Amino acid sequence: MTLRIHNTLSRAVETFTPIDPQHVRMYVCGMTIYDLCHVGHARFLLVFDMVYRWLRTLGYQVTYVRNITDIDDKIIKRAVERGIPIRQLTAEMTAAMHEDIGRIGVLPPTHEPRATEYVPQMLQMIATLERKGLAYRASNGDVNYSVRKFPGYGKLSGKSLDQLRAGERVAVLDGKEDPLDFVLWKSAKESEPDDAKWASEFGSGRPGWHIECSAMGCTLLGEHFDIHGGGLDLIFPHHENEIAQSEGANGTRFVDTWMHNGFLNVDNVKMSKSLGNFFTIRDVLKHFDGETLRFFMLRTHYRSPFNFSDANLEDARSALRRLYTALDGIEVPSAEPDWSQPQAAAFRAAMNDDFNTPVAFAVLFDLAGELNRTRSPQTAALLKGLAATVGILQQAPRAFLQGGTGHDSGDAAWIDERIAARAAAKAARDFAQADAIRKELADRGIVLKDSPQGTTWVKG
């Protein structure tokens, strides 16, 4: 079955045909690094990590670019508040981002460009736009894009210029010839630190947010590439402006397939610090392991709204434990999935249908049910192999099932000591003491499993 993807530009699910039949080039708007990553960031990072993994599973070479925005109003404000250089702040936050997203299994992209490394390319693109009459120097020193001079503006969001003109998001700012125009180069302010300024033919300043992705995408992937992704909130104005800049400067189609993941809510309400329902990835990982968070977010279709709650996370943890429990105790041979096998074919068909993870994950649970009945190493290998394509079920089952107990290695040793004491009590036919030890462990969330080979434990 051919891969089909919903294209925001056409508003339809289309057969995916890369420009180069063997090589997919994909750009995803990454983090603005002034603070720790929150769970909304985790969603888009996991969605496009899943897309990246599946494209490689299909045999494509993939060049994946996910940028870092390391110059921005919020970054400047935070660095000034902390009294540190901008680069010190962004280095600190980048390291924190890599640590946090590594714990949820997000693979590194092929390229992770920083905006500050591509200012010359941005300036070159701005100069091209000015030369073509699509950009102008404003009275306040900014350089703005003249939206009404680009005929295709609004094609991604589906908004007409008149609709946009009336929209609340469009503000009249000093120096603009039209309220719809947006800034390409921001003139430096005296109050801003020196490390927020670059010299240019347009005067001292820094790039606007939108131009950075156009410059980095075109530099690293070419003027025309296959996939551009991000959250729904980026469709307008960010991605709309990227199209205007890139196609205006280069005179060619910018991107073939635009992908956008659905919004994340917390307990059915938009996440907001002011509402007290704001969670960083680190907040969540204090209570749930990284694979549970990954499984939780991927089992909802990427274009659907996503509801984040402790109850839903607990349900996801229980579901993931069922999969690991099915694998526990089986020597799993290493093998690539046999795609002609009916369950593998069903999994592949679901993933090729616009990355339909709910249906694909249902196949995994069908396999787990079969595995519980048959204890077949071949079924276990298929379950583990299919799950690997989306980055789950790759831990040793016993290690996962014993994880999340809150016990360190010393506590694990204590558990083993209590199991040994229980065995000694049973050998002495002191069943009351054996039952008391089992209850003592159960009260701490430890479930014992007796077998002819001995007693093992997992987190209940």
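Residues numbered from 1 in each chain as written. Predicted model: local features only at pLDDT ≥ 70, side-chain atom pairs only at ≥ 80, totals over all residues. Heavy atoms only, no water.

**What to know about the sheet that holds strand 3 (residues 23-32)**
Test applied: Note on pairing: DSSP must find at least two bridges between two strands before they are called paired. A helix here means a DSSP run of H or I that spans at least four residues, while a strand means a run of E at least two residues long, and both kinds are numbered starting from the N terminus. Geometry is summarised by axes, namely lines fitted to C-alpha atoms with helices restricted to the contacting stretch, and by angles between N-to-C directions that run from 0 to 180 degrees.
The sheet built from 4 strands is open, its strands ordered 4-3-9-10 with parallel pairing. Of all the strands in the sheet, just strand 4 (61-69) and strand 10 (255-261) have a single pairing partner and so form its edges. On average, each strand axis in the sheet is tilted by 20 degrees relative to the strand beside it, whichever way the strands run.

**Things to note about the environment of Asn261**
For clarity, the threshold we go by: Contacts are residue-level and defined by heavy atoms, with any inter-residue pair within 4.5 Å sufficient.
Positionally, Asn261 belongs in strand 10. Apart from residues lying up to four places away in sequence, Asn261 is in contact with Arg43, Phe44, Val47, Phe48, Gly230, Gly231, Leu232 and Tyr302.

**Remarks on the environment of Gly152**
Condition: Accessible area is worked out with a 1.4 Å probe on protein chains only. A residue is then buried under 20% of its type maximum, exposed over 50%, and partly exposed in between.
As for its placement among the helices and strands, Gly152 is situated in the loop between strand 6 (143-145) and helix 5 (161-166). By relative accessible area, which is 23% here, Gly152 ends up partly exposed. Each C-alpha atom of the pair Gly152 and Glu240 lies 9.5 Å from the other, and the pair is 88 residues apart in sequence.

**As for the nonpolar core**
For the record, the criterion: Here, nonpolar core refers to any group of buried Ala, Val, Leu, Ile, Met, Phe, Trp, Tyr and Cys residues whose side-chain atoms link them within 4.5 Å.
Of all hydrophobic cores here, the largest spans 129 residues; its most connected members are Leu55, Leu293, Met297, Phe308 and Phe355. No other element matches the 12 residues that helix 1 (residues 39-57) contributes to this core. Once you skip the residues sitting within four places of it in the chain, Met297 turns out to touch Val39, Ala42, Arg43, Leu46, Leu264, Phe306 and Phe308. Grouped together as the second largest cluster of nonpolar side chains are 7 residues, Ile419, Ile437, Leu441 and Trp457 included.

**Brief notes about the pattern of salt bridges**
To be explicit about the condition: Any carboxyl oxygen of Asp or Glu within 4 Å of a side-chain nitrogen of Lys or Arg constitutes a salt bridge here.
Applying the stated rule across the entire model yields 25 salt bridges. Of the charged contacts in the structure, one is a salt bridge between Asp256 and Arg253, with a shortest N-O distance of 2.6 Å. Arg303 is the salt-bridge partner of Asp354, the closest N and O atoms lying 2.9 Å from each other. Placement of Asp354 in the loop between helix 11 (342-352) and helix 12 (357-374) and of Arg303 in the loop between helix 9 (290-298) and strand 13 (306-308) is noted, with a sequence separation of 51 residues between them. Residue class for Arg303 comes out partly exposed when judged on its relative accessible area of 35%. Connected via shared salt-bridge partners are Asp35, Lys77, Arg78 and Glu81.

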